[in-house]
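Commentary on secondary and tertiary structure
What follows is each chain in one-letter form.
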Amino acid sequence: MLDHLQQAKESFIKRFGEGGRIHAIRSPGRVNLIGEHTDYNDGFVCPMAIEPHVLMICRAREDGQVNVHSSAYAEHDVRFSVDGEIARARSGDWSNYVRGPAAMLRSKGVPMVGMDCYITNTLPTGSGLSSSAAMEVGTMLALLTLAGNEMGAQEIASLCQRAEHEYAGMPCGIMDQSIVAGGREGHAMLLDCRDLSRRFIPLDPLELRVVVVNSNFKPQLVGSEYDDRGRECEAGVAHFRKLNPGITHLRDVTLDQVLAARSDLDETVFRRCRHVVAENARCQQFAELMEKRQYEQAGELMVQSHESLRDDYDVSTTHLDHLVDSAVRLKGVYGSRMTGAGFGGCTVSLVQPRHVEQFAEQIRASYMQTFDITPDVIVTTATNGAQLIE
């Protein structure tokens, strides 16, 4: 981390010059241990902040101008003024993850100053590990820091979620921004996406390691099947609301109700509902088992989650299925599943520390032999959320 920080500071000075006080902000990625596609259904999720991160080196400007360079998106820089309306860039442009948070602060009347900012990543982009939320939360924290303002982690998360909706065009739930802004070292977070209450679940690195495997098969979500899943869930809610007007989200529906309604629901809508309702139960049970250090049983729930995401929610891929099937056959693995929205991206596995090195070697060899693609294996522990580190 220190080498990365020093290199980033040198790159900042090379690009923006000497002078003034420089700040450094670390904004982590996240991996979700269980509870997938439940956040936008007012359900439960269990993510953790991870060691790979976005690092932002920034310095205040007095003219209101924002100049941002990212080493991950070097094709063009971001330039705008905080003193006027902050326009949305074209769809898919990375600058919306910077423009959106600034626009949200401006809409709330939060005083801002301009900034020069250099962004560099150890967090891969486009892999389902929330590089977008890391950039959004990091940008907002940078703008607040440079202007001498403070804001609670959950308020930052909520504003960044709104920025993702309005500027990036992604109708995401609150999970990614919440864990990136409010993660706790050594803990996962059981988050209730309805009332935003949370419980921190200890993860002892002496007993288990979290291993993320990036399939390097990129998901494409904006304007795609992600939106379809939301509409299918809404169709399920509309059916159940006819039976009970108090039902507003799938969070309010029981599995017995879903099973009883099978003949009345479109088959696809039925399967979407079955996944979400069962996943909510799995997520809460997983947290309880992890607190009791019952890792084998918790791992079984992870596998059940993957099977449901594959068969009922249709968001897995052949690549992800292979990684999970291979992982659960390896020694020292408690459980494995796809993580994130799907259609590509990563898997997450709970592995006994003494077997991590062998796990990485075997999973890499099996995947390369099958797909002729080199996966990235990330062994991580739970870290703090976004914070000023210098």
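Here's what I pulled together on the structure shown here. (Residues numbered from 1 in each chain as written. Predicted model: local features only at pLDDT ≥ 70, side-chain atom pairs only at ≥ 80, totals over all residues. Heavy atoms only, no water.)

Here we look at the overall build of the protein chain
- Scanning the protein chain for helices and strands turns up 11 helices and 12 strands.
- By the compact-globule yardstick of 21 Å for 390 residues, the protein chain fits well, its C-alpha radius of gyration being 21 Å.
- Seen along its three principal axes, the alpha-carbon backbone of the protein chain occupies a region of about 65 × 50 × 40 Å.
- Counting all 390 residues of the protein chain, 58% fall into the buried class.
- Considering only residue pairs separated by 6 or more positions, the protein chain has 72% of its internal contacts joining residues 24 or more positions apart.
- Counting every atom, the protein chain has about 15,700 Å² of accessible surface; 45% of that belongs to carbon and sulfur.
- Each charge sign in the protein chain was given a centre, from 39 positive and 52 negative side chains, and these centres are 1 Å apart. (Helix = DSSP H or I, 4+ residues; strand = E, 2+ residues; numbered from the N terminus. Rg over C-alpha atoms; globule rule 2.2 N^0.38 Å. Buried < 20%, exposed > 50% of the residue type's maximum accessible area, 1.4 Å probe, protein only. Contact = heavy atoms within 4.5 Å. Areas by Shrake-Rupley, 256 points an atom, 1.4 Å probe, with all protein chains shown as cover. Lys, Arg positive; Asp, Glu negative; His and termini not counted. Charge placed at Lys NZ, Arg CZ, Asp CG, Glu CD.)

Some points on the pattern of salt bridges
- Taken as a whole and judged by the stated rule, the model has 27 salt bridges.
- A salt bridge links D252 to R194; the shortest N-O distance between them is 2.7 Å. Separated by 58 residues along the polypeptide, D252 in the loop between α6 (225-243) and α7 (255-260) and R194 in the loop between β6 (187-192) and β7 (198-202) bring together distant segments of the chain.
- Residue class for D252 comes out partly exposed when judged on its relative accessible area of 26%.
- Classification of R194 as partly exposed rests on a relative accessible area of 35%. (Salt bridge = Lys/Arg side-chain N within 4 Å of Asp/Glu carboxyl O.)

Considering the nonpolar core
- Membership of the largest hydrophobic core comes to 83 residues, with the highest contact counts inside it found for L33 and F286.
- Excluding residues that lie within four positions of it along the chain, L33 makes contacts with C46, P47, M48, A188, L203, V210, F286, M302, R337, V348 and L350.
- By size, the runner-up hydrophobic cluster in this structure holds 25 residues, among which are F240, V258, C273 and Y313. (Core = buried A, V, L, I, M, F, W, Y, C linked by side-chain atoms within 4.5 Å.)

Notes on the layout of surface pockets
- Volume-wise, the second largest pocket comes out at about 250 Å³.
- If you trace the second largest pocket, you find 14 residues lining it, with Y40, N41, G230, R231 and E234 closest to the centre.
- Considered class by class, the residues forming the lining of the second largest pocket number 6 nonpolar, 4 polar and 4 charged. (1 Å grid on protein atoms, 1.4 Å probe; cavity = no way out; pocket = protein on both sides within 12 Å on 5 of 7 lines; lining within 4 Å. Points joined across faces, edges and corners; volume = space filled by probe spheres on them. Nonpolar A, V, L, I, M, F, W, Y, C, P; charged D, E, K, R; others polar.)

Some details on the side chain of T38
- Along the chain, T38 falls in the loop between β1 (23-34) and β2 (44-61).
- Taking relative accessible area as the criterion, T38 reaches 0% and is therefore assigned buried.
- With residues up to four places along the chain from it excluded, the contact list for T38 reads G43, F44, V45, V276, E279 and N280.

Side note on the sheet that holds strand β11 (residues 376-380)
- Strand order in this open sheet of 4 strands is β9-β10-β8-β11, and the pairing throughout is antiparallel. Every other strand in the sheet has two partners, leaving β9 (333-339) and β11 as the edge strands with one partner each. Pairs of neighbouring strands in the sheet enclose a mean axial angle of 20°, with direction left out of account.
- Bridge analysis of strand β8 (residues 209-214) against strand β10 (residues 346-351) gives 6 bridges, and the strand direction is antiparallel. From the neighbouring strand, V211 faces β10, where its bridge partner is S349.
- Each of β9 and β10 touches helix α9 (residues 295-311); the most contacted strand, β9, lies at about 30° to it.
- Lying on the sheet, helix α11 (residues 356-371) is in contact with β8, β9, β10 and β11; it crosses β8 at an angle near 15°. (Pairing = 2+ DSSP bridges. Axes fitted to C-alpha atoms, helices over the stretch in contact; angles between N-to-C directions.)

Re α6
- With 19 residues, α6 extends 28 Å between its outermost C-alpha atoms, agreeing within 8% with the 27 Å of an ideal straight helix rising 1.5 Å per residue.
- Taken together, the buried positions of α6 are occupied by Y226, D227, R229, G230, E232, C233, G236, V237, H239 and F240.
- Looking at the buried positions of α6, the neighbouring elements they touch are α7 and α8 (267-291). (Expected span 1.5 Å × (residues − 1).)

Some details on the packing of aromatic side chains
- Summed over the entire model, instances satisfying the criterion amount to 4 aromatic pairs.
- Ring geometry for F12 versus F16: centroids 5.1 Å apart, planes at 45°, classification tilted. One end of the pair, F12, and the other, F16, are both in helix α1 (residues 2-16), 4 residues apart, so they sit about a helical turn from each other.
- When its relative accessible area of 0% is taken as the criterion, F12 is described as buried.
- Between Y73 and W94, the ring centres sit 5.4 Å apart and the planes meet at 10°, which makes this aromatic pair stacked. A residue pair is termed long-range when its members are at least 10 positions apart, and Y73 in the loop between β3 (65-70) and β4 (78-81) and W94 in the loop between β4 and α2 (96-107) qualify at 21 residues.
- The side chain of R184 reaches across the aromatic face of F200, ending 4.0 Å from its centre.
- Lying over the aromatic face of Y313, R272 brings its terminal NZ or CZ to 5.8 Å of the ring centre. (Phe/Tyr/Trp six-rings, centres within 6.5 Å; stacked < 30°, edge-to-face > 60°. Lys NZ or Arg CZ within 6 Å of the ring centre and 35° of its normal.)

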